[in-house]
There are 2 protein chains.
Amino acid sequence: MATPPARDVVSIDPRTGEAVEVVAQETTSAEVDRLCAAALAAAPALDGMGRAGRAALLRALADALEARREDVVATADRETALGGTRLNGELTRTCYQLRLFGEVIEEGSYLEATIDHPGDTPMGPRPDLRRMLVPIGPVAVFGASNFPLAFSVPGGDTASALAAGNPVIVKAHGSHPATSQLCFEIMSAAAREAGAPDGTLGIVHGVQAGADLVAHPAIRAVGFTGSVNGGKALLEIIERRPDPVPFFGELSSLNPVVVTPQAAAERGAQLGRELVGSFTLGAGQFCTKPGLAFVPAGPEGDAVLDAMAEAVRATDAPVLLNEGIATSYSRISGGLAELPGVSTVARGGEPQESGFRATPLLLETSAADMPHEVTEECFGPVSVVARYDDEKTLFAALEAMPSSLTATVLRGEGETELPLAVSQELRTRAGRLVYDAYPTGVAVSWAQHHGGPWPSTNSQHTSVGTTAIRRFLRPVSWQGAPQEVLPEELRDDYRGIPRRIDGKLQLPGE
Amino acid sequence: MATPPARDVVSIDPRTGEAVEVVAQETTSAEVDRLCAAALAAAPALDGMGRAGRAALLRALADALEARREDVVATADRETALGGTRLNGELTRTCYQLRLFGEVIEEGSYLEATIDHPGDTPMGPRPDLRRMLVPIGPVAVFGASNFPLAFSVPGGDTASALAAGNPVIVKAHGSHPATSQLCFEIMSAAAREAGAPDGTLGIVHGVQAGADLVAHPAIRAVGFTGSVNGGKALLEIIERRPDPVPFFGELSSLNPVVVTPQAAAERGAQLGRELVGSFTLGAGQFCTKPGLAFVPAGPEGDAVLDAMAEAVRATDAPVLLNEGIATSYSRISGGLAELPGVSTVARGGEPQESGFRATPLLLETSAADMPHEVTEECFGPVSVVARYDDEKTLFAALEAMPSSLTATVLRGEGETELPLAVSQELRTRAGRLVYDAYPTGVAVSWAQHHGGPWPSTNSQHTSVGTTAIRRFLRPVSWQGAPQEVLPEELRDDYRGIPRRIDGKLQLPGE
């Protein structure tokens, strides 16, 4: 059989809808195989760099990306239309994350080093047992359309997989191939210079290459940020493997917000303006976009809604990331507006220019009689306000909420009773409970969690924050091992990291 | 449609193959639904007992089981033929585990409490973020045939799910329904007395009830110990849910053992006897049974094999757990013996009596030319010895090993080089690396890990050892929360457990 001709990977400007350049060819199956073999071969040497070596590698990647900040931001802006301010911030976040993960692995708690010396127990004699986490093996990372840096080639999945000690092969998102390729080249060169083995980083382009990657025996885990359907397609490939591997997907999120009556009464107009700022941020293309806001009925709630309407009318039609998102947005937001029980409160600017533009949209419904379609995520600058008459109606509606990455309460001064009840109701189905702020910002920190039950994620793991690293590790116990064969961190004379010894947590140096 | 008649759940004596008693009726879908609703309703109150309350609950369960030790062991022996010594040990282990998990939750590290105070970062201002793990919700636990106590109603999955704060519904294994029902009744009464809410524990019988349980919306995670096929069937049900939930399966394991030339030369006969002791323990029905042993060619290896053969010939035909296992054992072990390149070294006693008996079997093959069938788990008293001529042959064979719960090296006095190379080769595909001991014993401890890549488990999680609890927890972050709505462990003035504050791990009281 003749090899089918390679297909061009084209970078498109969403502001015009025009193709700008051919970035690469779609990666062939043979090339995916070669990259996977190189990643597998690189794994022991990357682990062998040690925690200090890999921390230095992460810092080198951050330094290299920052050294090319102008190019990276310009390329990403041309491909995503997200604007320089946002993309500069995203690059800063990405570099901060790489450096923070370096600190995390140097601190060493993430290894969960645990030593049980031999001894007698009620079950009889116990052998010497020592446990810690080890790298899982080569990781496939799928870049997301909406964060060309923070959730793509140099993003959280890559940073956490490398921190854990695993080679990474990224499937570049078709929406920003040039940005992906540029970041990959910058990072590859920096990795080489930092002493990382060949095969530490790889990149593939094209849908078939992504499927080949997930099916490849060398790949030991998959990180994905994208749609439920995209995630399900990858899960199906994984299930057909002879050895299904862990899949970490961040898939879909409604992010309900509750405005309490007291909050509406105290600062309704302000809340309304801020809510619009949050749901139109990045053209509404955040996984943490507040897609549904519960606002009290009556004049206090009207003040929230009026301010929202005014802010939406003043918002121009933003450029969406790609044609697919623009088409879906028109179809889904238009469909929501047509639902019985849903009315259109305000529309933003209509698209006047070329490109993948969308009209911001504010819809209203009743919490008592809410069509289930409004509880589904719609990517883009639309949000639904559900008006509630009383707490009983509010809580009945909250019970129907799907799981989300976040749930937000905007409360009155000193108010605790209703906010507590709301967050108790939503705690079972949200990964982050936000008070008096908006869910769109996701700080990178030790205490951050970005996840939640399906469909927010498919797992109990986070894709932001330092425990993201744990996804790409697996536990191993050594039983009766001589000191010489143990990893350094499990030896008797090592004191450099927190460890649990005979059940007692000990800090370094103790 | 008329309700189909309920079917009897019958307890069978494997020593005779005869039905002894009707234990219960198969649980109907309506009853599964009622139990799930009760579990869901119990969840907040069980969480509300707090860590001290649940630790007391776990101790009460252990006390109650020990108070009925004679009944429990007698019933389990009648249903499993595992014998009083083993079953007494298993009950002791089970009670120890419940009490240890009580200590773990009192110690509190398992919550991973993390506080980031608000502050400036290179990304801009960071809000107050506080993270800890919370109970995942009602858990379905599938009892295993081979451990009627330690991996069944009172076993590790139940103990860890309850410790985490979740109601549990156990699907009783059809091989020991009376033991399951008895343990359930003892534990339910003890739980009630300890103040646990109704619905904390449930039990179902029958295959359909198990399927109904896994499909039920109230169930938030599934723990399973059993076959690959059984695990895959449950995974398929989970994938059809609108909200797939985490599945923790412990499925299959070969547990390769490497005898080094030096070990064989120093103590070959002893190793041979011990290996037979390990692979015939519990009639070879351990998930950690050494199913394949690499033994050097030549006279030192012959000494290992000769001692194994002698020990196997001296072993009577044990009673297997049930008819299905006995039938599979005959078929699979018989098939292995017929494979080209495989020869029968020794057979143990032939079944002379009634019941589900099996002939112990020792097979031999060449590591250089090993049929792939010998790398598949066969439940029951059979093991294969693969002879290797040199290290090159050994390592080529190790590369073909599937992932296992364990990998074992039996080494010579002071030998480290070859053992290290073997464990580096097998570390990527084993959860526990055992030196100079046998994999069958699985101590319950802080540093234990019982898991490994597919097919040992489907996940990075353990089903033995204290981190088993983590399977049934999920992270939640609170952002900008007033102190009043935070869980106690995340409040500023709390000092009772280890916490990470602004990136620094702090011990209690600091």
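Residues numbered from 1 in each chain as written. Chains lettered and ligands numbered in written order. Predicted model: local features only at pLDDT ≥ 70, side-chain atom pairs only at ≥ 80, totals over all residues. Heavy atoms only, no water.

**Q** For the sheet that holds strand β8 (residues 168-171) of chain B, give the residues involved together with the corresponding values.
**A** Residues and elements named next belong to chain B. The sheet built from five strands is open, its strands ordered β9-β8-β7-β10-β11 with parallel pairing. Two strands lie at the open edges of the sheet, namely β9 (201-204) and β11 (247-250), each paired on one side alone. Strand-to-strand twist across the sheet, computed as the mean angle between neighbouring axes with direction ignored, equals 15°. Here strand β10 (residues 221-225) pairs with β11 via four bridges, running parallel. Each residue of the ladder has a partner; that of Gly-223, found in β11, is Phe-248. Its contacts with the sheet place helix α1 (residues 29-48) against β8 and β9, and it is angled at close to 165° to β9. On the sheet, helix α7 (residues 207-215) packs against β7 (139-142), β8, β9 and β10 and is oriented at approximately 150° with respect to β8. (Pairing = 2+ DSSP bridges. Helix = DSSP H or I, 4+ residues; strand = E, 2+ residues; numbered from the N terminus. Axes fitted to C-alpha atoms, helices over the stretch in contact; angles between N-to-C directions. Contact = heavy atoms within 4.5 Å.)

**Q** Got a sec to walk through α7(B)? Specific residues and values, please.
**A** All buried positions along α7(B) are accounted for by B:Ala209, B:Gly210, B:Asp212, B:Leu213 and B:Val214. Taken together, the buried residues of α7(B) touch α1, β7, β8, β9, β10 and α8 (228-240) of chain B. (Buried < 20%, exposed > 50% of the residue type's maximum accessible area, 1.4 Å probe, protein only.)

**Q** Account for the domain arrangement of chain A, with residues named and values stated.
**A** All names here are of chain A. Domain boundaries in chain A define domain 1 (26-106 + 136-251 + 460-472), domain 2 (256-435) and domain 3 (480-506). Taken over C-alpha atoms, the centre of domain 1 sits 32 Å from the centre of domain 2. Across the contact, twelve residues belong to domain 1 and eleven residues belong to domain 2. Here domain 1 meets domain 2 over a buried area of about 820 Å², counting both sides, of which 59% is carbon and sulfur. It is Asn-146, Phe-147 and Glu-250 that lose the most area in domain 1 upon contact with domain 2, and together they represent 41% of the buried surface on that side. For the pair domain 1 and domain 2, the number of links is three residue pairs in polar contact (both at pLDDT 80 or more). A breakdown of the residues in the side of domain 1 that touches domain 2 according to their chemical character gives four nonpolar, five polar and three charged. (Domains from an automatic or database assignment. Buried area = accessible area lost by both parts, 1.4 Å probe. Polar contact = N/O pair within 3.5 Å; in protein donor to acceptor, adjacent residues only side chain to side chain. Nonpolar A, V, L, I, M, F, W, Y, C, P; charged D, E, K, R; others polar.)

**Q** Account for the environment of A:Leu91, naming residues and giving values.
**A** Residues and elements named next belong to chain A. Among the structural elements, Leu-91 can be located in helix α4 (residues 84-107). The exposure class of Leu-91 is buried, given its relative accessible area of 0%. Separated by 59 residues in the primary sequence, Leu-91 and Ala-150 place their C-alpha atoms 7.0 Å from one another. Leu-91 has contacts with Leu-65, Arg-69, Val-72, Val-73 and Leu-149, leaving out every residue within four places of it along the chain.

**Q** I'd like a rundown of the interface of chain A and chain B, residues and numbers included.
**A** Of the residues lining the interface, 76 residues belong to chain A; the matching set on chain B comes to 76 residues. Summing both partners gives a buried area of about 6,300 Å² for chain A against chain B, and 58% of it is carried by carbon and sulfur. Along the contact surface separating chain A from chain B lie six salt bridges. A salt bridge links B:Glu112 to A:Arg470; its shortest N-O distance comes to 2.8 Å. Listing elements by their share of the side of chain A that touches chain B, those giving two or more residues are α4, β3 (114-116), β6 (129-135), α13 (417-427), β18 (430-435) and β19 (473-479) of chain A. No other element matches β19(A), which puts seven residues into the side of chain A that touches chain B. In terms of residue class, the side of chain A that touches chain B is made up of 37 nonpolar, 18 polar and 21 charged. (Salt bridge = Lys/Arg side-chain N within 4 Å of Asp/Glu carboxyl O.)

**Q** Before we move on, could you go through the packing of helix α3 (residues 69-80) of chain B against helix α6 (residues 177-193) of chain B and cite the residues and values that matter?
**A** Residues and elements named next belong to chain B. Where α3 contacts α6, the axes come no closer than 8 Å and their chain directions differ by 160°. By the criterion of interaxial angle, the relationship of α3 to α6 is roughly antiparallel. For the pair α3 and α6, the sense of crossing is left-handed. Every residue of α6 that contacts α3 at Asp-71, Val-72, Thr-75, Ala-76, Arg-78 and Glu-79 is listed here: Pro-177, Ala-178, Thr-179, Leu-182, Cys-183 and Ile-186. Split into classes, the residues belonging to the contact of α3 with α6 amount to seven nonpolar, two polar and three charged. (Parallel < 35°, antiparallel > 145°, perpendicular 65-115°, else oblique. Left-handed = near helix turned anticlockwise from the far one by under 90°.)

**Q** Run through the nonpolar core, naming residues and quoting values.
**A** The biggest cluster of nonpolar side chains holds 228 residues, and the ones touching the most others in it are A:Phe294, A:Trp478, B:Phe294 and B:Trp478. A:Phe294 has contacts with A:Pro256, A:Val257, A:Val258, A:Val259, A:Ala367, A:Met370, A:Ala386, A:Tyr388, A:Leu394, A:Ala397, A:Leu398 and A:Met401, leaving out every residue within four places of it along the chain. (Core = buried A, V, L, I, M, F, W, Y, C linked by side-chain atoms within 4.5 Å.)

**Q** I'd love a proper account of the packing of aromatic side chains, names of residues and values included.
**A** Residues and elements named next belong to chain A. Under the defined criterion, the tally for this structure stands at ten aromatic pairs over all chains. When the centroid spacing of 5.1 Å and the interplanar angle of 75° are considered together, the rings of Phe-147 and Phe-286 count as edge-to-face. Separated by 139 residues along the polypeptide, Phe-147 in the loop between β7 (139-142) and α5 (156-164) and Phe-286 in the loop between α9 (261-280) and β13 (292-296) bring together distant segments of the chain. Of the two residues examined, Phe-147 and Phe-286, each falls in the buried class. Ring centres 5.7 Å apart and planes at 85° place the aromatic pair Phe-248 and Phe-472 in the edge-to-face group. In this pair, Phe-248 sits in strand β11 (residues 247-250) while Phe-472 sits in the loop between β18 and β19, placing the two residues 224 residues apart along the sequence. Taking relative accessible area as the criterion, Phe-472 reaches 0% and is therefore assigned buried. In this structure, Arg-86 is placed above the aromatic ring of Phe-147, and the distance from its NZ or CZ to the ring centre is 4.3 Å. (Phe/Tyr/Trp six-rings, centres within 6.5 Å; stacked < 30°, edge-to-face > 60°. Lys NZ or Arg CZ within 6 Å of the ring centre and 35° of its normal.)

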